[in-house]
Amino acid sequence: MADATVLWEACAAAIQSQVSDVVWQMTFTAAQPVTADDETLVVSVPSTLIRDRIEGRYHTVVHGAVAEVSDDQLTLRIVIREEDPEEDLVLPDPIPPTVELPTSSKPSVSLALDPLTRPTTTSTDIPFAGRLTFEDFVIGTSNRFAHAAAQAVAETPGRSYNPLFIYGDAGLGKTHLLQAVGNYVTAHYPTYQVRYVSSETFMNRFVEAIRNKQLPEFKERYRRNDVLLVDDIQFMEGKEGLQEEFFHTFNSIQGDGGQIVLTSDRAPDSISTLEDRLRSRFKMGLVTHIQPPDVETRLAILRKKVVGSSSGVPVPDDVLLFIAENVTDNIRELEGALTRVTAYSNLNDEPCTRDLALSILGDLISTTSPLVITPDLILAKTSEIYGFSREDLVGASRRRPLVTARQVSMYVFREITDLSYPAIAREFGGRDHTTVIHAVDKISRLMSERRDIYDQVSALVSAVRSRN
């Protein structure tokens, strides 16, 4: 108990410095340390409402604090204090200042993001990211219409295009637009209830609700919303029971005048085994396609990333143009290429030049035919370079050298594949996707600070792309 107390006090200090006094008093003061072992810090709270609020709105802050305090050795588990009689007590959320709302015939409801409860099964919910806004989205010919449609929906939920269906390949900004809608509505319509969920999470919670005989609670959670945002709807392909439930959820929200926004990697007509009644509903609003960005848009994305970077490395236009012309399909890979170049420049105190970019990114542009990069290939190359078995990499051990290898591998997965955070987490033994988010953010930051981390990332990327 003493160790748990010390750990939680350190985490609490870090958390308190990042939230307002109101949030701290209403959300975190009731949390109490329970136990700590070599892998998990357990903290109790008095109600599911507080647990859901912590795991939803403040997930990144809290889990980031635990990771930093424990040097990535511990994960956090939040439990309910059974002896507390406050399970059904409804506490008010900290509410932003009231703003004048458009006239609406819909009754007002309290603001709440998807609680993102971590159930006993693996949760793949992705919390709202405050940085994903319309202001941060780079507009080009390939995405201009999708951006305009999303903004129209956010400004007048339920009145413009309903549903709005955005489709396109991975890494092109669909999730950014989806969360930008959510962030805009929560900021400008403080009485509206907004939920963001991936279709995979929707399925996991549906299955859990059936298992635990909690279907009424499940339906209440997803059907009583002013705005429902569903990512990767193609995951419902071939799942008849899930499609049946979502059909009724869709009808309930739309019947009440609510807004639905969906994303997918393909158009409704291309999702095989999708029920016709769902396909027709997906097409009854507006279907819009995001295509790979043209060179001008890629250049604008890079310039925006340079402006927002904390590295302070000046990047000439000819270097940005070189990257934009040679990394063409995926925005993740585009931004990853820029990170590698600026990190090398910063570590070696060398000016960022086109020749430097060419030498560092040679593995990206030297091949004449595409190389199929699979999870097995990345894990195999990680195993070769670091000397750990695949079982070690995807297992539960948190030994320091192994944790570093695992985090670097996760970063490379994210940079050079189209896999989502939850998909990458599944490749690493079914971990929570937030573990991958933390790893990617940490390695991205360390690449500009530590030469050994930069070298390890570069070596792994080169090994994966080497064709040997």
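Higher on the page you've got the structure.
We now turn to the structure provided with this report. From a predicted model like this one, the values you see are computed outputs, not experimental measurements.

1. A closer look at the sheet that holds strand β2 (residues 40-45)
- Read across the open sheet, the three strands follow the order β1-β2-β3; overall the sheet is mixed. In this open sheet, the two edge strands, each paired with only one partner strand, are β1 (32-36) and β3 (75-80). Neighbouring strand axes in the sheet, compared pairwise and without regard to direction, differ in orientation by 30° on average.
- Where β2 and β3 come together, six bridges link them in parallel fashion. Bridge pairing in β3 places Leu-41 opposite Leu-76.
- Contacting β2 and β3, helix α3 (residues 48-56) runs over the sheet at an angle of about 160° to β3.

2. Overview of the packing of aromatic side chains
- Per the counting criterion, the structure on display carries 14 aromatic pairs.
- For the ring pair Phe-134 and Tyr-184, a centre distance of 6.1 Å and an interplane angle of 65° mean the geometry is edge-to-face. Taken together, the residues span a long stretch of sequence, with Phe-134 in the loop between β3 and α5 (144-155) and Tyr-184 in helix α6 (residues 174-188) at a distance of 50 residues.
- Given a relative accessible area of 6%, Phe-134 falls into the buried group.
- Ring pairs connect the aromatic residues Phe-165, Phe-202, Phe-206, Phe-218, Tyr-222, Phe-246, Phe-250 and Phe-282, which therefore count as one cluster.
- Over the ring of Phe-235 we find Lys-239; its NZ or CZ atom is 4.2 Å from the centre of that ring.
- Above the plane of the ring of Phe-247 lies Arg-277, whose end atom (NZ or CZ) is 3.9 Å from the centre.

3. Considerations on the environment of Met-203
- With respect to the secondary-structure elements, Met-203 resides in helix α7 (residues 199-211).
- Put simply, Met-203 and Phe-246 are 43 residues apart on the chain and 9.5 Å apart in space, counted from C-alpha to C-alpha.

4. A few points about the packing of α3 against helix α4 (residues 59-69)
- Where α3 meets α4, the closest approach of the two axes is 5 Å, and the angle between their N-to-C directions is 80°. Between α3 and α4, the angle is such that the two are roughly perpendicular. Taken together, the residues of α4 that come into contact with α3 (itself represented by Ile-54, Glu-55 and Gly-56) are His-59, Val-62 and His-63.
- A breakdown of the residues in the contact of α3 with α4 according to their chemical character gives two nonpolar, three polar and one charged.

Conventions and cut-offs
Residues numbered from 1 in each chain as written. Predicted model: local features only at pLDDT ≥ 70, side-chain atom pairs only at ≥ 80, totals over all residues. Heavy atoms only, no water. Pairing = 2+ DSSP bridges. Helix = DSSP H or I, 4+ residues; strand = E, 2+ residues; numbered from the N terminus. Axes fitted to C-alpha atoms, helices over the stretch in contact; angles between N-to-C directions. Contact = heavy atoms within 4.5 Å. Phe/Tyr/Trp six-rings, centres within 6.5 Å; stacked < 30°, edge-to-face > 60°. Buried < 20%, exposed > 50% of the residue type's maximum accessible area, 1.4 Å probe, protein only. Lys NZ or Arg CZ within 6 Å of the ring centre and 35° of its normal. Parallel < 35°, antiparallel > 145°, perpendicular 65-115°, else oblique. Nonpolar A, V, L, I, M, F, W, Y, C, P; charged D, E, K, R; others polar.

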